[in-house]
Amino acid sequence: MKALIYRYTLQARTVFLTCGLAMFGFMVLRVWSITLLGSEEFREIIKHFKDFEKFSPVPFSSLITYTGRVARTFNEPIVLFVILTWTISRGTDTVAGQINRGTMEMLLGNPVSRVRLYWSQFLVTTVGTFLLATLAWLGMVVSVHSNTVEEVIKPPSISIPYMPLEIPLSTAEPTILHKPMSDYVNVWHFIPALTVIFAMGIFVGGFATMISSIDRYRWRAVGISVGFVIFQQTLRILAISKPEYNYLLNFTFFNPFDPEGLVNVLTEDPEQFWQFWQYGLEGSLRLSALGCHSILMGFGILCYLIGSLVFCKRDLPAPI
Amino acid sequence: MSFVETDQLSKRFGSFSALKNCSLQIGQGTIFGLLGPNGAGKSTLIRLLMGFMTPTSGRALINDLDCHQQSLAVRNITSYLPGDARLDRQYRGKKLLQLFTALRPDGNMQHALEIADFLELDISRKVGAMSTGMRQKLAVTITLANDAPLIIMDEPTANLDPTVRQQILGLLRRKREEGKTILFSSHILEEVESISDTVGFLRHGELITTADLTTLRSQHRLTGCLPQPLPAIPDSLTNHLQLLEQTGERVTLEIKGHLLESLEWLKESHLSDIVIEPTRLRSLYEQIHPDRRELQS
């Protein structure tokens, strides 16, 4: 098993290094970009998009805080793209990739059981996914600790009730303070974002590996896996667009993949964090940390088990 | 004692029968050559022995281990070279040898380096930069770099020049001398004939016959001219002499064992323009595959 893990690690290292660099670099830059816009300015911008709040996994009131804005970075398409690239590329290589390349037969000509071969790939994929999620978190940590944010202290003013007027009590200019971003952001609050990215990686990796176990062409396994992800995203968009389609959220893994929501519940309502469900706004029920992780990892492991069973039973086709 | 044994082994893919009721035995310490045209079922038989596929019916045993149920144990005592051996292209030859020897408890890197050196293989090159022949040599090196008692090779000399072919056949002979059992398939009759103890002929998924090459080497084929039909072969010679063909004046006979007794009777039969040559595997192949006389190396 050690020899197989070493072999697959060697095979995967280039993709991993590229993905890792992309993930880390993106998170450093993305968190830095938050500092370019102060919270007050961001609040001004976001209030024009009030109609789109339903598309946001967290209330806008959370989104305008530095913690909320940093949490948003974990749900960026680039982060998703990097994790999908890694998990789909490794997952589809497990069986279909090796059959497609013709290297499976040479490998299984040795005393290597199919179970070991399969789960060695699982280990490499899973450890890689965890490291990528960790790199995303580390990128954020580095950026949070190396950047400062501007805090604007306005002169005292009074607001007149029922009128959009604010009368300054002084003619002094607003004071701008530069404070470390870490004063506003506790990096440990983002551990749920790390773990839910990892859990999502397990799910997508499991799905891609299962398809790979059934198929003999890698390109087809990649196509099916990518198509599945797009379909799932479409379901999510449809579900949140209209209340009558809300039930569709139960059929998409993008529902439990909710890094912003989990960071929000940890910071705003930690008591609900370790529960399966949490009560959201207006008494709505939504998945909490335990629910999100259990669903993503549970279905991912189930896919891996089905794939293992299929691979161990199937005929090994001759190289194409 | 049979080291490899199949009993009514069959494999179907939908309505297509790739292998039909194949029963054969291969003795320990012998070389078995598997012959047959493309699609005859050679690779299917080999892949069933390796446990890569589930047989539709029948069973295969290697050293009394069921090839399907105990595939891992079987592969522990078997070294295998696929018909279309493909290797990971991103590694250098040496690295790949290390990776493969590490997969086997009996893998021997030192032995691998010796074989690579014997085959004049440049293992410092990346596999992707190797020619087809070099990659085949590397695959052969990987296969022979261990101490497995059974070696199964599906067309090991494909894509190789005659010199390297001879080197590989030499390596196989050496392995037999060490007591290893070897099963290999090939299209090249001469190389099968030169090293095999037994050959098996497959056609359309059926094992037509097996032949002991030691016996075959003591057989001769005689062709001559005879204007009238050949007289009946006397009972005393029927075990040694067999009429294969008489077309017009041309007669073809097969002589088994000593030539002398048969020749005396043939002399009395007024046969002229006699040509005697040792029976070769080719003539046996042509009997089994009359439509493939042109299939020669």
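Before reading further, recall that the structure is shown in the block above.
A brief look at the structure comes next.

Conventions and cut-offs
- Residues numbered from 1 in each chain as written.
- Chains lettered and ligands numbered in written order.
- Predicted model: local features only at pLDDT ≥ 70, side-chain atom pairs only at ≥ 80, totals over all residues.
- Heavy atoms only, no water.
- Core = buried A, V, L, I, M, F, W, Y, C linked by side-chain atoms within 4.5 Å.
- Buried < 20%, exposed > 50% of the residue type's maximum accessible area, 1.4 Å probe, protein only.
- Helix = DSSP H or I, 4+ residues; strand = E, 2+ residues; numbered from the N terminus.
- Domains from an automatic or database assignment.
- Contact = heavy atoms within 4.5 Å.
- Buried area = accessible area lost by both parts, 1.4 Å probe.
- Salt bridge = Lys/Arg side-chain N within 4 Å of Asp/Glu carboxyl O.
- Polar contact = N/O pair within 3.5 Å; in protein donor to acceptor, adjacent residues only side chain to side chain.
- Pairing = 2+ DSSP bridges.

For the rest of this paragraph, the subject is the nonpolar core. Of all hydrophobic cores here, the largest spans 158 residues; its most connected members are Met-140 of chain A together with Ile-62 and Leu-138 of chain B. With 14 residues, helix H8 (residues 191-214) of chain A is the largest single contributor of residues to this core. No fewer than three residues from each of domain 1 (2-212) and domain 2 (218-292) of chain B sit in this core. Among the nonpolar cores identified, the runner-up in size contains eleven residues, and Leu-237, Leu-241, Trp-265 and Leu-266 of chain B belong to it.

Okay, the interface of chain B and chain A next. At the interface, 32 residues of chain B touch 28 residues of chain A. In terms of surface lost to chain A, no three residues of chain B exceed Phe-52, Arg-86 and Leu-103 of chain B, which account for 28% of the buried area on that side. On the surface where chain B and chain A come into contact, there are four salt bridges. Residues Asp-88 of chain B and Arg-7 of chain A are paired through a salt bridge, measuring 3.0 Å at the closest nitrogen-oxygen approach. Scanning the region where chain B abuts chain A turns up 15 residue pairs in polar contact (both at pLDDT 80 or more).

Once that is clear, we can look at the pairing of strand E1 (residues 2-13) of chain B. Residues and elements named next belong to chain B. As paired elements, E1 and strand E2 (residues 16-27) share eight bridges and run antiparallel to each other. Residue pairing in the sheet places Leu-9 in a bridge with Cys-22 of E2. Here E1 folds back onto E2 in antiparallel fashion, the turn holding two residues, of which Gly-14 has a positive phi close to 65 degrees. Pairing between E1 and strand E4 (residues 57-62): five bridges, direction antiparallel. Bridging across to E4, Val-4 finds its partner in Ile-62.

So, about the pattern of salt bridges. Residues and elements named next belong to chain A. Under the counting rule described, the total for this entry stands at 16 salt bridges over all chains. A salt bridge links Arg-220 to Asp-215; the shortest N-O distance between them is 2.7 Å. Judged by relative accessible area, which is 35%, Arg-220 ranks as partly exposed.

All names here are of chain B. Within strand E11 (residues 219-225), six of the seven residues are buried, which leaves it mostly tucked inside the rest of the structure. As judged from the seven bridges shared by E11 and strand E13 (residues 250-256), these two strands associate in the antiparallel manner. Looking at the pairing, Arg-221 lines up with Glu-254 of E13. The sheet contact formed by E11 and strand E14 (residues 272-278) spans five bridges and is antiparallel. Bridge assignment links Thr-223 to a residue of E14, and that residue is Val-275.

Further remarks concern unusual backbone geometry. Residues and elements named next belong to chain B. We note that Glu-155 has phi near 50 degrees; this positive angle belongs to a residue other than glycine. Following the sequence through the fold, Glu-155 ends up in the loop between strand E7 (150-154) and helix H6 (162-177). You will see that His-204, though not glycine, has its phi angle at about 50 degrees, which is positive. Note that His-204 resides in the loop between strand E9 (198-203) and strand E10 (206-212). The class for His-204 is exposed, based on a relative accessible area of 55%.

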